[in-house]
Amino acid sequence: MHDFARELFPLCRSITGAGLRQTLQLIRGHVPLALHEVASGTSVLDWQIPAEWNVEGGRIETLSGHVVVDFADCNLHVVNYSCSVDAIVSREELSAHVHTLPGQPDLVPYRTAYYGQQWGFCLSDRVWESMHDAQYRVRIDSTLAPGSLSYGELTIAGREPREVLISVHCCHPSLANDNLSGITVATELARHLLGRDNRLSYRFLFIPATIGSIAWLALHEDLLPRIEHGLVLTCVGDAGPFHYKQSRRGDAAIDRVVAHVLARRSSPHKILPFSPYGYDERQYCSPGYDLPVGCFMRSPNGTFRQYHTSADNLDFITPAALERSLDVLVEVVGVLERNIVYARVDGRGEPQLGRRGLYRAVSGQREHEDAQMALLWVLNQSDGGRSLLDIAERSGIDFDRIADAAELALTADLIRPVEPKPSPA
Ligand code: ZN
């Protein structure tokens, strides 16, 4: 995953354009992604797909030709979506177009100007403070023209049409934790699922933030009733503790499953309530949609000093952190796959386990008392309304043990799966 992040790192991504398209092509080298284009000017909900932005270069030079700032060194140097410029400007005039971080004088900030025609540069405050000439030559070679917004979509059909949505944004340029970590972990999670016989169906979206999810929602309203669970993945490559931001509903199955998995791993983590700020979960969780989509992170956006700066680089994300994030997500998917609602075939009284060979089966297991308790809980609680996660939470028994007990009971024809109630949305 870290190697893949290294490969993606140099590309100058944005919400449209060649860098985004190249990124999707590289993801397609790992998983069979379908690439889609939505034409500039298309109305999507309250928004419009913007003109497509492409950038070739950008420089600030002294009048004697010495290059002070160069896009070729770091693609954060040109404000994302900056219009083109070729002019000689006074230092004072330039100051209105320069973004620095005086509190972090060695870092280059990441800035965007998606929806307003302006040009600008981002540079370290140290460089800016060393620039004392009266005039500079500024040049940005960029185009903003009708084109399209690109996104990638991968569907993995399961035995049931109900879907899990995994969404990652891929519109940030050379920034590692805030967006490459999500891209690489989602790609690897998709590879994990592609090789398996899944109960649920999965839909992966690799989209530019905000406008991408708004466009996808607007163009796929017919698919939304299938989405049973969803996760936005971002900032999953740093060494910080896990954070999970709940869906707008707060009590969706995905909220409980992620909390359950994080709690049983007994590593430090925090559950955050929903707020209408952050990543694409705020689009999926907007009124009228209110999909059960949470956001899975390590260090949340805006809480680490590297956030949206040149310090969010390949050294900030580690192979081990990416791997552990993937492990948690594989576990979450494992619980979703097995979290079924059952009803007793004959719902009255406790069935005789010995006659069905179940007592023996249970006794043969190492911790047979726990296994028997799990079976008794499953048989008692499977009334067509409670999921296996409900039973695990109520009994205090690990989910996988409850799910193993349910498989025994299913094999013995003591329980049958029940269609879940349609979701309120
Ligand atoms: Zn960001």
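The coordinates are above.
Keep in mind it's a predicted model, so treat the numbers as computed, not measured.

Analysis parameters
Residues numbered from 1 in each chain as written. Predicted model: local features only at pLDDT ≥ 70, side-chain atom pairs only at ≥ 80, totals over all residues. Heavy atoms only, no water. Donors = N, O, S within 2.8 Å, 3.2 Å for Na, K, Ca; no water. Helix = DSSP H or I, 4+ residues; strand = E, 2+ residues; numbered from the N terminus. Expected span 1.5 Å × (residues − 1). Buried < 20%, exposed > 50% of the residue type's maximum accessible area, 1.4 Å probe, protein only. Pairing = 2+ DSSP bridges. Axes fitted to C-alpha atoms, helices over the stretch in contact; angles between N-to-C directions. Contact = heavy atoms within 4.5 Å. Arc of directions from axis to C-beta. Polar contact = N/O pair within 3.5 Å; in protein donor to acceptor, adjacent residues only side chain to side chain. Core = buried A, V, L, I, M, F, W, Y, C linked by side-chain atoms within 4.5 Å. Domains from an automatic or database assignment. Salt bridge = Lys/Arg side-chain N within 4 Å of Asp/Glu carboxyl O.

1. Observations concerning the coordination of the zinc ion
His 172 (NE2), Asp 178 (OD) and His 308 (NE2) make up the full set of protein donors to the zinc ion, lying at 1.9 to 2.1 Å. The sequence pattern formed by the donor residues of the zinc ion is H-x5-D-x129-H.

2. Points about helix α9 (residues 319-338)
Compared with an ideal rise of 1.5 Å per residue, which puts 20 residues at 28 Å, α9 spans 29 Å between its outermost C-alpha atoms and is within 8% of the ideal. Residues Ala 321, Leu 322, Ser 325, Leu 326, Val 328, Leu 329, Val 332, Val 333, Val 335, Leu 336 and Glu 337 constitute the buried set of α9.

3. Let's talk about the sheet that holds strand β19 (residues 415-417)
Here three strands make up an open sheet; going across it, the order is β18-β17-β19 and the pairing antiparallel. Because the sheet does not close on itself, it has two edges, and the strands there are β18 (383-387) and β19. Across the sheet, the mean angle from the axis of one strand to that of its neighbour is 35°, orientation sign disregarded. Along the sheet, helix α12 (residues 388-395) contacts β17 (341-344) and β18; its crossing angle with β18, the most-contacted strand, is approximately 70°. Of the strands in this sheet, β17 and β19 are in contact with helix α13 (residues 399-411), which crosses β19 at around 105°.

4. Regarding α13
The end-to-end C-alpha separation of α13 is 18 Å, in line with the 18 Å expected for 13 residues at 1.5 Å each. All buried positions along α13 are accounted for by Phe 399, Ile 402, Ala 403, Ala 405, Ala 406 and Ala 409. End-on, the buried residues of α13 take up no more than an arc of 160°, which puts them together on one face. Its side-chain oxygen placed 3.0 Å from the backbone nitrogen of Asp 400, Asp 398 serves as the N-cap of α13. Following α13 by one or two positions, Asp 413 adopts a phi angle in the positive range, close to 60°.

5. A few points about the environment of Gly 385
When you line up the elements, Gly 385 lands in strand β18. Accessibility expressed as a relative area gives 47% for Gly 385, which makes it partly exposed. Residues Gly 385 and Cys 122 lie 263 residues apart in sequence; the distance between their C-alpha atoms is 56 Å. If we ignore the near neighbours within four places in the chain, the residues touching Gly 385 are Val 341 and Asp 390.

6. Regarding the nonpolar core
Considering soluble globular proteins, one finds that nonpolar side chains tend to be buried as a cluster. Formed by 70 residues in total, the largest nonpolar core has its most connected members in Phe 204, Phe 206, Leu 231, Leu 233, Phe 296 and Val 332. Here this core spans two domains, and each of domain 1 (2-49 + 148-338) and domain 3 (341-417) adds at least three residues to it. Ignoring anything within four residues of it in the chain, the contact list for Val 332 reads Leu 231, Ile 254, Val 257, Val 258 and Val 261. Counting 62 residues, the second-largest nonpolar core is a separate cluster that includes Ala 215, Ile 227, Tyr 284 and Leu 291.

7. Topic: the pattern of salt bridges
This model, assessed by the stated rule, comprises 27 salt bridges. Between Glu 281 and Lys 245 there is a salt bridge; the shortest N-O distance is 2.7 Å. Taken together, the residues Glu 281 in helix α8 (residues 281-284) and Lys 245 in strand β14 (residues 242-245) connect sequence positions 36 residues apart. Taking the shortest distance from any N to any O, the salt bridge between Arg 386 and Asp 383 comes out at 2.6 Å. Judged by its relative accessible area of 45%, Asp 383 falls in the partly exposed class. Three or more residues are tied together by salt bridges with common partners; here these are Arg 264, Arg 265, Glu 331, Arg 338, Asp 398, Asp 400, Asp 404 and Glu 407.

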